[in-house]
Amino acid sequence: MANLKELKARISSVKSTQRITSAMKMVAAAKLRKAQDMAEAARPYAERIERMLGSLAAGASSSGAPAMLTGTGKDDTHLLVIVTSDRGLCGGFNGSIIRAVRRRIIELQADGKTVKLLIIGRKGVGLLRREFRDLFVEVYEELAKPIPTFEGAATVADKVTTMFEAGEFDVCTVYYNKFVSALTQVVTPLQLIPFAVPEGEEEQPTVGGAQAIYEFEPEEEKILAALLPKNLSTQIYRAMLESFAGEQGARMTAMDNATRNAGDMINSLSITYNRTRQAQITKELIEIISGAEAL
Amino acid sequence: MAEKVAFDLVSPEKLLLSEEVEMVVLPGVEGDIGVLPGHAPVITQIRMGTICVFENGQVVKRLFVDGGFAEVMPERCTVLAEQATSLEDIETSAVEQHIKDLRDELSLADSAHERAALETAIAVENGKLEAVNHPVY
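Computed from a prediction, not measured in an experiment: that's the story for all the values here. (Residues numbered from 1 in each chain as written. Chains lettered and ligands numbered in written order. Predicted model: local features only at pLDDT ≥ 70, side-chain atom pairs only at ≥ 80, totals over all residues. Heavy atoms only, no water.)

Asker: Describe the nonpolar core, listing the residues and the values that go with them.
Answerer: One finds V160 and I193 of chain A to be the most contacted residues of the largest nonpolar core, which totals 47 residues. Per-element tally for this core: the top contributor is helix α6 (residues 220-294) of chain A, with 10 residues. With residues up to four places along the chain from it excluded, the contact list for I193 of chain A reads M68, V160, F164, F169, D170, V171, C172 and L232 of chain A. One finds F7, L17, V72 and A81 of chain B within the second-largest nonpolar core, a separate group that totals 20 residues. (Core = buried A, V, L, I, M, F, W, Y, C linked by side-chain atoms within 4.5 Å. Buried < 20%, exposed > 50% of the residue type's maximum accessible area, 1.4 Å probe, protein only. Helix = DSSP H or I, 4+ residues; strand = E, 2+ residues; numbered from the N terminus. Contact = heavy atoms within 4.5 Å.)

The following block contains the structure:
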């Protein structure tokens, strides 16, 4: 039977672990709220740029449209932008995205395509390095520290644009964890190049019931050429924000579980501790009584 | 005029300004555009410069933007800009100091990419100074 001193030490160590996990849970909850606010604040820009792009893309002649919109006409080389977290202790957050990416890479390679990887976040780098080191083209660590910024997203977008203009890839897809709730994050692929105009009910501006025909200054193609890289940054920024919110949610859930597990453990250890103590007292009593009887 | 234009200034990180105004003047790449209620729908690119907000025929607000896009509709005007600051909030000395710092960094920068980024930043800061020292309208 474990001795009392050892048990006491275990209990106090589990208790301090529990204190840390519950503090981390609080921090994650606060950050999650912030992340949600940020995602909310970023929405107007993203919506408007998308709407502008939608009306521009509809009007642009197919021949003169920039390659970023229509694609290069091939799909031989795929660039995957993978958004992961910089820090661990967030449950299956990074694991699930890496699993999805790995499956996709193997699938693409089986089809004879070339795959290139651009990774955001330290955890993704660590998890993919062993298998796919030679596919890495660029790695961004601690880009979203302490919070994701548009500047950071723009850096990534710049790199993607430069690579695209140099003809280094044909299709670009972002993989990120989309925030659904604190409990669930969904791995979402989002194709950036060629740009897929979002389908669905587009709110078209109307003038007296008829559809508005915009004038463009300068020409549509020129605006489009300037707008597309901006849109790229916006989409990457959005992915980073979603991923950030997801990370905080995942960490909150993971830490909540850890806190609960620590609680269970403390309970069962306390029971063992009390039983052991009781047994020891009983033993001592028996010794005293049988000693007294022997006299 | 009783009618107003709903003017929105949006940056990627948040909605900076949203109000009803009489007129806005935008620094378009092909010349300034004055937007009054009932303007024809236009999508335009904006150069670095100052957006002026008019009320009762007077400029009431000047905002510096580092470029962007604007969508004009008869009853609203939306500007998308990455950086926007009210001219009143720009302190010349701070900007000058910033330019000096950036220049120092530029002399140390070795990659062409880094240099280009710094040069753009310096151009933006210079644009701020220009906007403060020579206000339009």
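Back to the write-up after that little detour.
Asker: Provide a residue-level description of the pattern of salt bridges, including the pertinent values.
Answerer: In this structure the tally under the stated criterion is 19 salt bridges over all chains. One salt bridge connects K113 of chain A with D75 of chain A, and the closest N-O pair in it is separated by 3.4 Å. Of the two residues, K113 of chain A sits in the loop between α3 (93-110) and β2 (114-120) while D75 of chain A sits in the loop between α2 (67-70) and β1 (77-83), which places them 38 residues apart along the sequence. On the basis of relative accessible area, K113 of chain A is assigned to the partly exposed category, the value being 22%. Across the salt bridge formed by R47 of chain B and D32 of chain B, the nearest N and O atoms sit 3.2 Å from each other. (Salt bridge = Lys/Arg side-chain N within 4 Å of Asp/Glu carboxyl O.)

Asker: Give a description of the confidence of the model for chain B that names residues and reports values.
Answerer: Do not read the predicted coordinates in detail wherever pLDDT is low. Residues at a pLDDT of 70 or more form 99% of chain B, whose mean pLDDT is 87. Interface confidence for the predicted complex, expressed as ipTM, amounts to 0.81; the pTM equals 0.85. (pLDDT = per-residue confidence, 0-100.)

Asker: Residues and numbers for the pairing of strand β6 (residues 49-55) of chain B, please.
Answerer: Residue and element names in this part refer to chain B. Within β6, six of the seven residues are buried, leaving the element largely enclosed by the surrounding structure. When strand β3 (residues 23-28) meets β6, the two strands line up antiparallel, connected through three bridges. Within β6, the position partnered with V24 by the bridge is V53. Pairing of β6 with strand β7 (residues 58-65) involves seven bridges; the strand directions are antiparallel. When the bridges of β7 are listed, I51 appears paired with L63. Where β6 hands over to β7, the hairpin turn is made up of two residues, of which N56 adopts a positive phi near 50 degrees. (Pairing = 2+ DSSP bridges.)

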